[in-house]
Amino acid sequence: MATDNVLGKFLKARRGQVPPSHAGRPIPGRRRVAGLRREELAQLAGISEPYLTRLEQGVDRHPSPQVLRALARALELDADTTAYVLALAAPGPVRVSETEVTRDVHQLLDAWADSPAYVRNRRFDVLAANKRARALAPMYEPGHNLARDMFLAPEVRQLLPDWAEIAAQTAAALRAEADSRDPRTVLLVAELEADDDFRRLWARHDARPSRDELKRFAHPVVGELSLRRQALTVGGAEEQVIIVYQATPGSPSEAALGRLP
């Protein structure tokens, strides 16, 4: 996540993911580039090819929202990724990841005695966790980084039956939520790029914040659990996110949660 020419690298990478047929172009013989050619994207977006070249090369880094929305439509971006690319062209102040969790939030985590719950920052560092979250997975121990454990801790791949899908979500959420200008984020991404899976997913430039989704665990002690994940922003500390896992009442997963050590 280097800070130089992030927008240009994004545009070039996403251009390579759009099939040429989506531009209404015949595909005779071999093409020298994957996806759309630069002139094809420029035509679809209604801008000049020289201007798109300047954007991709980082000569012009502040296109208007209208230009970016036109490019987003041409690149077939979803709402999350469109919001991400708009933010790239108009970045706010560098966000400082909060590291101190208030006493009230610690009490809230402990009050959810039956539900695994933890706090992370936008760089995916775990800042606090209740007993049940720590029993659910070692990666929820404070001091761990969820992205690092997702890709570099072999035991996590055993813990998550849907690891490939969750790993893709993690890479997309890290890109959407972390600040690319934060030096610790830059170092984290550089470390993760030693992993082939992360490097492949990161090169896609997908950007999607964490969502409330169903997540499966294959716990070595209590067996399989299917838990609904809820993501909540901490009031007054917007860089912190509370993640809570809940089981369906009366389900085998609820019973398995009760057996966690």
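Residues numbered from 1 in each chain as written. Predicted model: local features only at pLDDT ≥ 70, side-chain atom pairs only at ≥ 80, totals over all residues. Heavy atoms only, no water.

**Student:** When you look at empty space enclosed by the protein in this model, what are you seeing that I'm missing?
**Tutor:** Where empty space is left in the structure can be found by rolling a water-sized probe over the atoms. Going through the model one piece at a time under the given rule, you end up with two cavities of 30 Å³ or more. Of the pockets and cavities examined, the largest cavity occupies roughly 200 Å³. In terms of lining, the largest cavity is formed by 19 residues, of which the most central are Phe-124, Thr-170, Ser-210, Lys-215 and Arg-229. For the lining of the largest cavity, the elements supplying multiple residues, two or more each, are β1 (117-121), α8 (146-152) and α10 (163-177). (1 Å grid on protein atoms, 1.4 Å probe; cavity = no way out; pocket = protein on both sides within 12 Å on 5 of 7 lines; lining within 4 Å. Points joined across faces, edges and corners; volume = space filled by probe spheres on them. Helix = DSSP H or I, 4+ residues; strand = E, 2+ residues; numbered from the N terminus.)

**Student:** Is there a simple way to think about the nonpolar core in this case?
**Tutor:** Generally speaking, nonpolar side chains in soluble globular proteins are found buried as a group. Core analysis: the largest hydrophobic core is formed by 42 residues, its most contacted members being Tyr-140, Phe-151, Leu-160, Leu-174 and Phe-217. Per element, the largest residue contribution to this core is six residues, and it comes from α10. Residues contacting Tyr-140, with those up to four places away along its chain left out, are Tyr-118, Val-126, Ala-129, Ala-133, Arg-134, Leu-146, Lys-215, Phe-217 and Tyr-245. Leu-36, Ala-45, Ile-47 and Tyr-84 belong to the second largest nonpolar core, which has 26 residues in total. (Core = buried A, V, L, I, M, F, W, Y, C linked by side-chain atoms within 4.5 Å. Buried < 20%, exposed > 50% of the residue type's maximum accessible area, 1.4 Å probe, protein only. Contact = heavy atoms within 4.5 Å.)

**Student:** Help me understand the pairing of strand β2 (residues 126-129) in this model?
**Tutor:** A regular strand carries its side chains on alternate faces of the sheet. Where β1 lies against β2, three bridges are found, and the strand directions are antiparallel. Along β2, the bridge assignment pairs Val-119 with Ala-128. If you look at the hairpin formed by β1 and β2, you'll find four residues sitting between the two strands, and Phe-124 has a positive phi there, around 75°. (Pairing = 2+ DSSP bridges.)

**Student:** So what exactly am I meant to see when it comes to unusual backbone geometry here?
**Tutor:** Most peptide bonds take the trans configuration, and most residues that are not glycine carry a negative phi. Positive phi, normally seen in glycine, also occurs at Phe-124, with a value near 75°. The buried category is assigned to Phe-124, whose relative accessible area is 4%. One non-glycine residue, His-205, adopts positive backbone phi at about 60°. Mapped onto the secondary structure, His-205 falls in the loop between α12 (196-202) and β3 (214-219). Classification of His-205 by relative accessible area gives buried; the value is 11%.

**Student:** Could you clarify how one ought to interpret the packing of helix α2 (residues 38-45) against helix α4 (residues 65-74) in this entry?
**Tutor:** In a packed pair of helices, the relevant descriptors are the angle between the two axes and the axis-to-axis distance. Close contact between α2 and α4 brings their axes to 8 Å; oriented N to C, the two are set at 115°. Seen from above, α2 lies across α4 with right-handed handedness. Touching Leu-41, Leu-44 and Ala-45 of α2 are Ala-70, Leu-71 and Ala-74, all from α4. Among the residues forming the contact of α2 with α4, the class breakdown is six nonpolar, no polar and no charged. (Axes fitted to C-alpha atoms, helices over the stretch in contact; angles between N-to-C directions. Left-handed = near helix turned anticlockwise from the far one by under 90°. Nonpolar A, V, L, I, M, F, W, Y, C, P; charged D, E, K, R; others polar.)

**Student:** Just to check I follow, could you spell out the sheet that holds β3 for this structure?
**Tutor:** Note on sheets: strands pair through backbone hydrogen bonds, and any given pair is parallel or antiparallel. Here five strands make up an open sheet; going across it, the order is β2-β1-β5-β4-β3 and the pairing antiparallel. Each end of this open sheet is capped by a strand with a single partner; those strands are β2 and β3. Within the sheet, the average angular offset between the axes of one strand and its neighbour, ignoring direction, is 30°. On the sheet, helix α6 (residues 103-111) packs against β1, β2, β4 (223-234) and β5 (237-246) and is oriented at approximately 145° with respect to β1.

**Student:** Would you explain the pairing of β5 in this entry?
**Tutor:** By the criterion of burial, β5 is predominantly enclosed, with eight of the 10 residues buried. Note: β1 against β5, five bridges, orientation antiparallel. What sits directly across from Ala-117, in β5, is Val-244. Here seven bridges tie β4 to β5, and the two strands are oriented antiparallel to one another. Bridging across to β5, Thr-233 finds its partner in Val-241. Here β4 hands over to β5 after two residues, with Gly-236 in that stretch at a positive phi of 85°.

**Student:** What am I meant to see in α2 here?
**Tutor:** For an α-helix, the turn length of 3.6 residues means that residues three or four places apart are oriented alike. Of the residues making up α2, those classed as buried are Glu-40, Leu-41, Ala-42 and Ala-45. If you follow the buried residues of α2, they end up packed against α1 (6-15), α3 (49-57) and α4. Where α2 terminates, the next one or two residues include Gly-46, which has phi positive at roughly 75°.

**Student:** Where do I start with the pattern of salt bridges in this structure?
**Tutor:** Any two side chains of opposite charge can pair if their charged atoms end up close together. In total, this model carries 21 salt bridges according to the counting rule given. For the salt bridge of Asp-197 with Arg-157, the shortest nitrogen-to-oxygen distance reads 2.9 Å. With Asp-197 in helix α12 and Arg-157 in helix α9 (residues 154-159), this residue pair connects regions lying 40 residues apart in the sequence. Here Asp-197 makes a salt bridge to Arg-200, at a shortest N to O gap of 3.5 Å. (Salt bridge = Lys/Arg side-chain N within 4 Å of Asp/Glu carboxyl O.)

Everything listed is a geometric property; what it means functionally is a separate question.
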